[in-house]
Structures are given as structure tokens and as C-alpha cells.
Number of protein chains: 2
Amino acid sequence: MGLEIERKFLVKNASWRDAIEDREPILQGYLAEAGRATVRVRAKGDRGFLTIKGRTTGVTRSEFEYEIPIEDARTMLESLSSLPVIDKVRHRVRCGGHLWEVDVFAGENAGLVLAEIELASEDESFERPDWAGAEVSDDPRYYNSNLARHPFSRW
Amino acid sequence: MGLEIERKFLVKNASWRDAIEDREPILQGYLAEAGRATVRVRAKGDRGFLTIKGRTTGVTRSEFEYEIPIEDARTMLESLSSLPVIDKVRHRVRCGGHLWEVDVFAGENAGLVLAEIELASEDESFERPDWAGAEVSDDPRYYNSNLARHPFSRW
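Basis of the calculations
Residues numbered from 1 in each chain as written. Chains lettered and ligands numbered in written order. Predicted model: local features only at pLDDT ≥ 70, side-chain atom pairs only at ≥ 80, totals over all residues. Heavy atoms only, no water. Helix = DSSP H or I, 4+ residues; strand = E, 2+ residues; numbered from the N terminus. Rg over C-alpha atoms; globule rule 2.2 N^0.38 Å. Buried < 20%, exposed > 50% of the residue type's maximum accessible area, 1.4 Å probe, protein only. Contact = heavy atoms within 4.5 Å. Lys, Arg positive; Asp, Glu negative; His and termini not counted. Charge placed at Lys NZ, Arg CZ, Asp CG, Glu CD. Least-squares fit on C-alpha atoms with pLDDT ≥ 70 in both. Buried area = accessible area lost by both parts, 1.4 Å probe. Nonpolar A, V, L, I, M, F, W, Y, C, P; charged D, E, K, R; others polar. Core = buried A, V, L, I, M, F, W, Y, C linked by side-chain atoms within 4.5 Å. Arc of directions from axis to C-beta. Phe/Tyr/Trp six-rings, centres within 6.5 Å; stacked < 30°, edge-to-face > 60°. Salt bridge = Lys/Arg side-chain N within 4 Å of Asp/Glu carboxyl O. Polar contact = N/O pair within 3.5 Å; in protein donor to acceptor, adjacent residues only side chain to side chain. UniProt positions renumbered as here; feature names shortened; annotations may be inferred.

**With respect to the overall build of chain A**
And then number 1: Tallying secondary structure elements over chain A gives two helices and nine strands in all.
And then number 2: Counting from the amino terminus, helix and strand elements in chain A follow one another as β-β-β-β-β-α-β-β-β-β-α.
And then number 3: In terms of C-alpha radius of gyration, chain A reaches 15 Å, essentially the compact-globule figure of 15 Å for 155 residues.
And then number 4: Its C-alpha atoms give chain A principal-axis dimensions of roughly 40 × 30 × 30 Å.
And then number 5: Looking at the 155 residues of chain A, the share that counts as buried comes to 48%.
And then number 6: Sequence separation of 24 or more characterises 58% of the internal contacts of chain A that already satisfy a separation of 6 or more.
And then number 7: Distance from the positive charge centre (22 side chains) to the negative charge centre (28 side chains) of chain A: 3 Å.

Take a look at the structure:
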């Protein structure tokens, strides 16, 4: 088990594109969003992952992630996950001493760009890049599980 | 992915105990029982498993099973699964050419004994042992996911 400490921001301009280190397409869906956990299936490039996250509040959540065969992930996305599946391209972007993840959404969430930084502790300091806008870590509308059910295009 | 073809029977006497090959304690809980899939966590002896089953009808279901660290399984059972957790001892019992699984439930399902046989196809024939009573394959009360929510002792 890991504990995930993540802060999430809206992206207000495209200057982050100058610092892209790599990018990867991600398809992800949810097998469960009720109860005390969310269960996520993800096809990340040609690798599959199953992730269980506890529903703890705030920026820290318990997380269990397992790699699974990509064929299993694709079958679950097609036949078992709630729809619509989230379709995005994840960019890793260097800023100061940290690697950010900037997700450019497509499909029903087209138009949404979110930046995330993972921290080792809740009080770890980090440089806030000029392209990072309002913080939305605590706004449940931006949880990917909620973006699957209530996509950005319908807000 | 596998397809699971399973038939389930009540057990009407204890004569199956003469043919026990081995037994193993199982604790299992559910991270999800809504939507199109159930997500099960199981501690089986000292091994952990995460299992996703599609909600297809009848005796055939799609199934994905992954072994996970036993510590992860225990933590999920304690903190993330719906309660109460199912507590049973699984006995493998030889009958004719097949190995049956006879589950003796404890805790909130104490008093319930169920026998299951896994088949390679829906029309595969098998010998029905004299200790096997009524078939309950299609009775949703006997799904383990439902026994977690509505245990036998409260029927």
C-alpha cells in the first residue's frame, strides 16, 4: 500500500508545453465509485493497471496499484467499467525540482487541462509554475471518477 | 480473462466430510457490488487475491483474478471493503471425476454450508453426490456478495 499525496491545479496557459519530457495516452474507467473505495482500470500506453483508492478526505489517500495484462484492462474498459471511459494524454513536465503531470482530456472532457504534483508529505514545498492556475485538489468535480460520470462538456 | 461456469448446491448432510482432500480458511470482502462488476478481496490462507467478476446472468461469468500481497488484502478487508467480511472454511471434496468446494460459513453466515462445482462448459455432465441438496445457482441470496450484505443469520 502507498499513501498518495497529490495537489491538483487548473492550467491557465500553454507555456508548460516548452518543458514536456514525455507524453502517454491513457484510457481509464471505473469499476466502482461507491462504498469506501474506488476501483480504477487504466490502459497506459501498452500497459494495464488496476488501482484501488480509499475514499479518505483531503489530499492524502491510501492507494493500491497492480499491473495487469493490457488485454485484461482493455476488456474491462469495454465491458465492465462505467461509461464514458476517460480519454486523456498525460504529459510529464519538469518544473523546479518536481515532475508535474499535465493531463489534456479528450472525448467528453475535451477542453479540460489539469496539472498534478505528487508530494512526499503534506507540507513539502514546491515551486508553483506560472501556468498553474486555481488549485482544485478539494473540488470533487475534478476527481477523475466524477469526470467519468459528469464530464466537463456537460457542466 | 476466464469464463467461470459454476453450479451451487445446498448441502443436506455431513457425509461429504469423509472425502475432504484439504481445507483452507477464507476471509473475503467486496469493494464494489454495484455497476457492471463486483470487485472481491480475498485472504485465502496466507495468500491474497483481487477478483473482478462481470455481472453476466446465469451460471457463466467473466472473471479476472490477480494475486496480491497478503498484507494488501488484509488492509483492504479491514479498511476498504463493505462489512461484514465473509468468513468461511473451504473444503475440497472429491466426488466422481470432480473436485467440489464445500464452504462452511462462520460469523454472520454461520449455519450455511454451500457446495460448488466448476465446469468446463455449461452442458458438462457430473455426478451429483448424495449430500448435495437443492440447486441454488440462480438464487441471488446465495451470491457471496449478497451474503456479505444480507447474511444468512438475518434471513
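**Let's talk about the relation of the copies chain B and chain A**
And then number 1: Placing chain B over chain A gives an RMSD of 0.0 Å and needs a rotation angle of 180°, together with 0.0 Å of translation along the axis. Seen this way, the second copy is the image of the first under a two-fold rotation axis. Residue Ala32(B) of chain B places its C-alpha closer to the rotation axis than any other residue of that unit, at 2.7 Å.
And then number 2: Comparing interface residues between copies, 100% of those in chain B also sit at the interface in chain A, which points to an isologous, same-surface contact.

**Digging into the interface of chain B and chain A**
And then number 1: Between chain B and chain A, the residue contacts involve 23 residues of the former and 23 residues of the latter.
And then number 2: Summing both sides of the interface, chain B and chain A together bury roughly 1,800 Å²; the carbon and sulfur share of this comes to 66%.
And then number 3: Together, Arg36(B), Tyr66(B) and Leu80(B) form the three largest contributors to the area buried by chain B at its contact with chain A, with a combined 34%.
And then number 4: Broken down by secondary-structure element, the contributors of at least two residues to the side of chain B that touches chain A are β2 (20-32), β3 (37-44), β4 (47-54), β5 (60-68) and α1 (70-79) of chain B.
And then number 5: No other element matches α1(B), which puts five residues into the side of chain B that touches chain A.
And then number 6: Split by residue class, the side of chain B that touches chain A holds 15 nonpolar, five polar and three charged.

**Points about the nonpolar core**
And then number 1: Counting residues in each nonpolar core, the largest one holds 32 residues, and the members touching the most others are Leu31(A), Ile52(A), Leu31(B) and Ile52(B).
And then number 2: Apart from residues lying up to four places away in sequence, Ile52(A) is in contact with Ala37(A), Thr38(A), Val39(A), Ser62(A), Glu63(A), Phe64(A), Tyr66(A), Leu31(B), Leu50(B), Met76(B) and Leu80(B).

**A closer look at the environment of Ala14(A)**
Residues and elements named next belong to chain A.
And then number 1: In this fold, alanine 14 is placed in the loop between β1 (2-11) and β2 (20-32).
And then number 2: Under the relative-accessibility criterion, alanine 14 is labelled partly exposed at 49%.
And then number 3: With 117 residues separating them in the primary sequence, alanine 14 and tryptophan 131 have C-alpha atoms 7.0 Å apart.

**With respect to helix α1 (residues 70-79) of chain A**
An α-helical turn contains 3.6 residues, so a residue and the one three or four places further along point in the same direction.
All names here are of chain A.
And then number 1: Buried residues of α1: Ile70, Asp72, Ala73, Met76 and Leu77, and no others. The buried residues of α1 occupy an angular sector of 160° when projected down its axis, which confines them to one face. Opposite the buried face of α1, at more than 90 degrees from it, the exposed residues are Glu71 and Glu78.

**Overview of the environment of Gly48(B)**
Residue and element names in this part refer to chain B.
And then number 1: Along the chain, glycine 48 turns up in strand β4.
And then number 2: As for glycine 48 and glutamate 67, which are separated by 19 residues in sequence, their C-alpha atoms are 5.7 Å apart.
And then number 3: Contact partners of glycine 48, with chain neighbours within four places excluded, come to Arg42, Tyr66, Glu67, Ile68, Ile70 and Ala73.

**Description of the packing of aromatic side chains**
And then number 1: In the structure shown here, the tally under the stated rule is twelve aromatic pairs over all chains.
And then number 2: A centroid spacing of 5.1 Å and a plane angle of 75° characterise the contact between Tyr142(A) and Trp155(A), whose relative ring orientation is edge-to-face. In this pair, Tyr142(A) is assigned in the loop between β9 (132-135) and α2 (144-149) and Trp155(A) in the segment after α2, connecting sequence segments 13 residues apart.
And then number 3: Assessed through its relative accessible area of 39%, Trp155(A) is described here as partly exposed.
And then number 4: Ring plane angle 55° and centroid distance 5.6 Å describe the contact between Phe9(B) and Trp100(B), whose orientation is recorded as tilted.

**Some thoughts on the pattern of salt bridges**
When the charged atoms of two side chains lie near each other, side chains of opposite charge can form a pair.
Residues and elements named next belong to chain A.
And then number 1: A full pass over the atoms with the stated rule returns 24 salt bridges over all chains.
And then number 2: The partner of arginine 94 in a salt bridge is glutamate 21, and the shortest N-O contact between them spans 3.4 Å. One end of the pair, arginine 94, is in strand β6 (residues 86-95); the other, glutamate 21, is in strand β2, with 73 residues separating them in the sequence.
And then number 3: What makes glutamate 21 partly exposed here is its relative accessible area of 47%.

**A word on the side chain of Asp72(B)**
And then number 1: With respect to the helices, strands and loops of the structure, Asp72(B) is situated in helix α1.
And then number 2: Arg74(B) provides the closest opposite charge to the buried, unpaired Asp72(B), separated from it by 10 Å.
And then number 3: Here the side chain of Asp72(B) touches Tyr66(A) through a polar contact of 2.6 Å, side chain to side chain.

**Regarding the UniProt feature "active site" (unreviewed entry) in chain A**
Residues and elements named next belong to chain A.
And then number 1: Annotation from UniProt places "active site" (unreviewed entry) at Tyr30.
And then number 2: In this fold, tyrosine 30 is placed in strand β2.
And then number 3: Classification of tyrosine 30 by relative accessible area gives buried; the value is 5%.
And then number 4: Not counting the four nearest positions on each side in its chain, tyrosine 30 is found in contact with Val39, Arg40, Ser81, Ser82, Asn144, Ser145 and Ala148.
And then number 5: At 3.1 Å, the side chain of tyrosine 30 forms a polar contact with the side chain of glutamine 28.

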